[in-house]
Amino acid sequence: MKYQVVRNYQYDYLGQSYASMYPNLHRYPATMLPQIGIDILKEFKVSKGILLDPYCGSGSSFASGLECGLTEMEGYDINPLAVLISKVKFTKLSIQRIIETRQIFRNDLYEFLKDESNITKLKRPSVTNIEFWFSKAVISNLCAIKYFIDEIKNEYIRDFFFIPFSETIRECSYTRNSEFKLYRMKSEDILNFNPDVIGVFFKKLEDTIYLYTNFYFPKLAAAKVKVKVYAAAFRPQSKLFDVVLTSPPYGDSRTTVAYGQFSTFSNEWFGIKNARKIDQMLMGGGKSGYIISEGLIADDVTQIAKIDYKRALDVSAFYNDLKYSIQKVAESVNKYGKVIYVVGNRTVKQVLLPTDQFIAEKFEENGFKHLITYERAISNKAMPSKNSPTNECGKTMNTMLYEYIVVCEKIK
Ligand SMILES: C[S@@+](CC[C@H](N)C(=O)[O-])C[C@H]1O[C@@H](n2cnc3c(N)ncnc32)[C@H](O)[C@@H]1O
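The following refers to the structure shown. (Residues numbered from 1 in each chain as written. Predicted model: local features only at pLDDT ≥ 70, side-chain atom pairs only at ≥ 80, totals over all residues.)

What follows concerns the overall build of the protein chain. Secondary structure summary: the protein chain contains 15 helices and twelve strands in total. Relative to the globule expectation of 22 Å for 412 residues, the C-alpha radius of gyration of the protein chain, 22 Å, shows essentially globular dimensions. Projected onto its principal axes, the C-alpha coordinates of the protein chain cover approximately 75 × 50 × 40 Å. Taking all 412 residues of the protein chain together, the buried fraction comes to 43%. (Helix = DSSP H or I, 4+ residues; strand = E, 2+ residues; numbered from the N terminus. Rg over C-alpha atoms; globule rule 2.2 N^0.38 Å. Buried ≥ 20, exposed ≤ 12 C-beta atoms within 10 Å, placed from the backbone.)

Written out as structure tokens, the structure reads:
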């Protein structure tokens, strides 16, 4: 049957932002608007069953599920920072307990900071080139905050405090904050950069408490919600899912949207061993020894190979990973279950890669029927919309102006 793409203006959400529904507790690259998930789940009448998000990032699919009455959800992401954000947003915590912990935390921290020699006793984390990215004073204060967060006994409350801590790390480092990738500030800006680390942390803690209390807690309290998030790639289990809602990486994790690089400092400060290697571990981050030669993407990849063979191998690595991931997801869905993938199509070496169609094709090869693909204009996605596909300085091209919502149903 002919692959059907419908331009659907309802899904553009012009002028709406992520924050208008579920403000994020922490910045994250390429987040999905929860509104997309809500409307598509409603359109396909999904209001019960277990939801899976195999690339959950900061967890917008769980917000969508929750709004549509789903209470049991499971997410996977290789990036530990993403898992932390999702976990904190969708775990019901006692606000009273957070407030009490904040009081004890504040007293202990200020008491500790009164004696400067205390700081010298703290262990520094193993952050690569730490003094290139942080001043000595910032390192000391971050170490003190981390020390007292680690002292919090309850795992979930501890994770809650790690959210403002992670934001503070980035804000107080020499990284340019407007970028997702790590770029050091100019030397002249560094000279005048003297952040009040403790002040920044407590301000961010207040913000996190406010957002959690007003936007997440009421929803979590109203329904018995069970969201489990794992820091791993998805693997099939005995359990089957009724709906999959996800926005997978677009194949540019090593170049444009570097999830791992964005999260490096936080992950290193948290003590994650492979923090610097996350982008290589993500989908398409590995190497392929061959160029994809079958399926609808083959011609496009061959065209890229004529211009840049190495790049074609990278592109092949991504589509191979995506294909295997789809196989695993497909076998984990109940009959008549829906899968919804929200994805963008990249341009590499001026060849437009139809990832939406690839996804539909792979699900069809694995017992699904493609129902529809909606095309929506991107207006608010927090990601670069331009790059230099030819790698020629100054030459840019729009990489993604539209996004695709691919819907398939399991029929076998
Ligand atoms: C487009 S983002 C998801 C954003 C998410 N919907 C949100 O709103 O925050 C894609 C995510 O896939 C994750 N990822 C990439 N490869 C993965 C893999 N093989 N297994 C699990 N997660 C992966 C990345 O770390 C990233 O968080």
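One way to put it is that helix H8 (residues 155-172) packs onto helix H10 (residues 197-222) with a least axis distance of 8 Å and a crossing angle of 135°. The orientation of H8 relative to H10 falls into the category oblique. Both H8 and H10 take part in a crossing whose hand is right-handed. On H10, the residues touching Phe-161, Ile-163, Pro-164, Phe-165, Glu-167, Thr-168, Glu-171 and Cys-172 of H8 are Val-197, Val-200, Phe-201, Lys-204, Leu-205 and Thr-208. (Axes fitted to C-alpha atoms, helices over the stretch in contact; angles between N-to-C directions. Parallel < 35°, antiparallel > 145°, perpendicular 65-115°, else oblique. Left-handed = near helix turned anticlockwise from the far one by under 90°. Contact = placed C-beta atoms within 7 Å.)

Taken together, the four bridges between strand E2 (residues 50-53) and strand E3 (residues 72-76) define a ladder with parallel strand orientation. For Ile-50, the partnering residue across the bridge sits in E3 and is Glu-72. Since E2 and E3 lie parallel, the crossover through helix H2 (residues 60-67) that links them has a hand, and here it is right-handed. Bridge analysis of E2 against strand E5 (residues 241-246) gives two bridges, and the strand direction is parallel. Each residue of the ladder has a partner; that of Leu-51, found in E5, is Val-243. (Pairing = 2+ DSSP bridges. Right-handed = clockwise from strand over helix to strand, strands pointing away.)

What follows deals with H8. If you check H8, its first and last C-alpha atoms are 25 Å apart, about what 18 residues at 1.5 Å a residue would give, namely 26 Å. Elements that come into contact with the buried residues of H8 comprise helix H3 (80-89), helix H4 (95-113), helix H7 (136-150), H10 and helix H11 (259-270). (Expected span 1.5 Å × (residues − 1).)

Strand order across the open sheet formed by eight strands is E1-E9-E12-E6-E5-E2-E3-E4, with mixed pairing between neighbours. Each edge of the sheet is formed by a strand with only one pairing partner; in this case those strands are strand E1 (5-7) and strand E4 (226-230). Going from strand to strand, the sheet's axes swing by 15° on average, the running direction of each strand aside. Here E1 runs beside strand E9 (residues 368-377); their pairing, made up of three bridges, is parallel. Directly across from Arg-7, in E9, lies its bridge partner Glu-375. Here H2 sits on the sheet and contacts E2, E3, E4 and E5; the angle it forms with E5, its principal contact strand, is near 130°. The strands that helix H15 (residues 355-365) touches are strand E6 (333-344), E9 and strand E12 (402-410); relative to E9, the one it contacts most, it runs at about 165°.

Summarising the element assignment, Thr-101 is placed in helix H4. When the C-alpha atoms of Thr-101 and Lys-153 are compared, they prove to be 10.0 Å apart, with 52 residues separating the residues in sequence. For Thr-101, the contacting residues outside a window of four places in its chain are Ile-152 and Ile-157.

Grouped burial of nonpolar side chains is what soluble globular proteins tend to show. Val-244, Val-339, Ile-340, Ile-405 and Val-406 are the most contacted members of the largest nonpolar core, which totals 106 residues. In terms of residue count, helix H14 (residues 309-330) provides more of this core than any other element does, nine residues in total. For Val-339, the residues in contact, after removing those within four places along its chain, are Val-244, Val-329, Val-333, Phe-363, Phe-368 and Cys-408. (Core = buried A, V, L, I, M, F, W, Y, C linked by C-beta atoms within 7 Å.)

For the rest of this paragraph, the subject is the pairing of E6. Among the twelve residues that make up E6, nine are buried, leaving the element largely enclosed by the rest of the structure. Alignment of E5 against E6, held across five bridges, turns out to be parallel. When the bridges of E6 are listed, Val-244 appears paired with Val-339. As paired strands, E6 and E12 are joined by seven bridges and run antiparallel to one another. Across the sheet, the residue bridging to Lys-338 is Glu-409, located in E12.

Purely geometric numbers; function is a separate question.
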